[in-house]
Amino acid sequence: MEFIIKKLYIIRHAKSDWSDDTLKDFDRPLNKRGLKNAPFMGSLLKNKNINPDLILSSPALRAITTAEIIANRVEYKNNIETNKSIYETPYSTLEKIIYEINDKNNSVFFIGHNPGLSALINHLCQTNLDIPTCAVVEISFDTDSWEKISKKNTALISYEYPKKYT
C-alpha cells in the first residue's frame with residue numbers, strides 16, 4: 001500500500017476593508033489591496049501546480065471571498081466547505097477541525113483568521129510566525145490520517161505572502 005502524505009495550506013484571508021464602521025466584523029469585505037492580493041496568491045498556487053482536494057474556510061465574508069478567488073485561480077471544481085468554528089477561535093479548536101477532515105482529502109486549503117492561524121502554525125511547526133494577510137503556509141504531515149497529525153510528523157514546506165514579491 002502506498003503511503004500518502006497529507007498537505008495543509010494554511011491561508012490567512014486577504015486584507016479587509018475597515019472603512020464602514022457600521023459593519024459587523026464578520027461582514028467586512030476585502031479592500032482594494034485584498035482584491036489584488038488574493039488572485040495573485042491564487043495564481044502563485046496554480047503556478048506551483050497545487051490542486052486541493054478540499055477547500056475549508058471560515059464563513060466570514062473576507063475569508064470566503066478569499067477562498068472563492070483562490071479557488072477560481074487554481075480551477076478548483078468542488079464546493080468550498082465552510083465551518084463557523086474557524087472564525088475567531090483558538091488554535092486548539094482549529095487543530096480539532098483539521099483532525100476531523102476526511103482522510104480521502106490529501107491536500108487541503110484551510111482559510112481563516114489571525115491570531116488563531118499563526119498560533120496553529122507555531123504550535124505545529126514550532127516556529128514563531130505572525131502571518132500577514134493573504135499569506136500561504138504549506139505544511140506536510142508524514143501520516144495517512146488527519147487525526148494523527150502532530151508536531152512529530154510535521155514539516156514546514158513553504159511560506160509565501162504578497163509583499164514577498166513586491
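Residues numbered from 1 in each chain as written. Predicted model: local features only at pLDDT ≥ 70, side-chain atom pairs only at ≥ 80, totals over all residues. Heavy atoms only, no water.

**Observations concerning unusual backbone geometry**
Line of reasoning, step 1. With an omega dihedral of 10°, the bond running from asparagine 114 to proline 115 counts as a cis peptide bond.
Line of reasoning, step 2. Residue glutamate 75 is not a glycine yet carries a positive backbone phi of 60°.
Line of reasoning, step 3. In this structure, glutamate 75 sits in the loop between helix 2 (61–73) and strand 3 (81–82).
Line of reasoning, step 4. Glutamate 75 sits in the partly exposed class, given a relative accessible area of 48%.
Line of reasoning, step 5. Of note, the phi angle at glutamate 88 is positive, near 45°, even though the residue is not glycine.
Line of reasoning, step 6. Note on placement: glutamate 88 falls in the loop between strand 3 and helix 3 (91–99). (Helix = DSSP H or I, 4+ residues; strand = E, 2+ residues; numbered from the N terminus. Buried < 20%, exposed > 50% of the residue type's maximum accessible area, 1.4 Å probe, protein only.)

**Considering the packing of aromatic side chains**
Line of reasoning, step 1. Enumeration over the complete set of coordinates arrives at five aromatic pairs.
Line of reasoning, step 2. Centroid distance phenylalanine 26 to tyrosine 87: 5.0 Å. Interplanar angle 80°. Geometry classified as edge-to-face. Here the residue phenylalanine 26 occupies a position in the loop between strand 1 (6–12) and helix 1 (32–47), and tyrosine 87 occupies one in the loop between strand 3 and helix 3, the gap between them amounting to 61 residues.
Line of reasoning, step 3. Using a relative accessible area of 30% as the deciding quantity, one classes phenylalanine 26 as partly exposed.
Line of reasoning, step 4. Measuring from ring centre to ring centre gives 5.0 Å for tyrosine 159 and tyrosine 161, while their planes differ by 45°; the resulting arrangement is tilted.
Line of reasoning, step 5. Judged by relative accessible area, which is 23%, tyrosine 159 ranks as partly exposed. (Phe/Tyr/Trp six-rings, centres within 6.5 Å; stacked < 30°, edge-to-face > 60°.)

**Focus on the sheet that holds strand 2 (residues 54–57)**
Sheets are built from strands paired through backbone hydrogen bonds, the pairs being either parallel or antiparallel.
Line of reasoning, step 1. As summarised here, the arrangement of the six strands in space is 3-2-4-1-5-6, forming an open sheet in which the pairing is mixed. Of all strands in the sheet, those with a lone pairing partner are strand 3 and strand 6 (154–160), marking the two edges.
Line of reasoning, step 2. Here two bridges tie strand 2 to strand 3, and the two strands are oriented parallel to one another. Paired with serine 57 across the bridge in strand 3 is threonine 82. (Pairing = 2+ DSSP bridges.)

**Thoughts on the nonpolar core**
Line of reasoning, step 1. Ranked by internal contacts, the top residues of the largest apolar core, which has 45 residues, are Leu8, Ile10, Leu45, Ile98, Phe109, Phe110 and Trp146.
Line of reasoning, step 2. Looking at this core, the elements that each hand over two or more residues are strand 1, helix 1, strand 2, helix 2, helix 3, strand 4 (107–112), helix 4 (116–125) and strand 5 (136–141).
Line of reasoning, step 3. Ranked by residue count, the leading element in this core is helix 2, at six residues. (Core = buried A, V, L, I, M, F, W, Y, C linked by side-chain atoms within 4.5 Å.)

**A few points about the state of the cysteines**
Line of reasoning, step 1. Using the criterion set out here, one finds zero disulfides in the structure.
Line of reasoning, step 2. With no disulfide partner, cysteine 125 has as its closest neighbouring cysteine sulfur the one in cysteine 134, 19 Å distant.
Line of reasoning, step 3. By relative accessible area, cysteine 125 is classed as buried at 16%. (Disulfide = S-S within 2.5 Å.)

**Concerning the packing of helix 1 against helix 2**
Line of reasoning, step 1. As a packed pair, helix 1 and helix 2 sit with axes 8 Å apart at the nearest point and diverge in direction by 40°. By the angle class used here, helix 1 and helix 2 are oblique. Note that helix 1 runs across helix 2; the crossing there is right-handed. Every residue of helix 2 that contacts helix 1 at Leu35, Ala38, Pro39, Gly42, Ser43, Leu45 and Lys46 is listed here: Thr66, Ile69, Ile70 and Arg73.
Line of reasoning, step 2. Classifying every residue of the contact of helix 1 with helix 2 by side-chain character gives six nonpolar, three polar and two charged. (Axes fitted to C-alpha atoms, helices over the stretch in contact; angles between N-to-C directions. Parallel < 35°, antiparallel > 145°, perpendicular 65-115°, else oblique. Left-handed = near helix turned anticlockwise from the far one by under 90°. Contact = heavy atoms within 4.5 Å. Nonpolar A, V, L, I, M, F, W, Y, C, P; charged D, E, K, R; others polar.)

**Section: the layout of surface pockets**
Line of reasoning, step 1. Empty space within the largest pocket amounts to approximately 220 Å³.
Line of reasoning, step 2. Around the largest pocket, the lining comprises 14 residues; the ones closest to its centre are Leu54, Glu81, Ile101, Asn102 and Asn105.
Line of reasoning, step 3. Of the residues that constitute the lining of the largest pocket, the class distribution is five nonpolar, five polar and four charged.
Line of reasoning, step 4. Of the volumes computed, that of the second largest pocket is approximately 170 Å³.
Line of reasoning, step 5. Per-class residue counts for the lining of the second largest pocket are one nonpolar, five polar and six charged. (1 Å grid on protein atoms, 1.4 Å probe; cavity = no way out; pocket = protein on both sides within 12 Å on 5 of 7 lines; lining within 4 Å. Points joined across faces, edges and corners; volume = space filled by probe spheres on them.)

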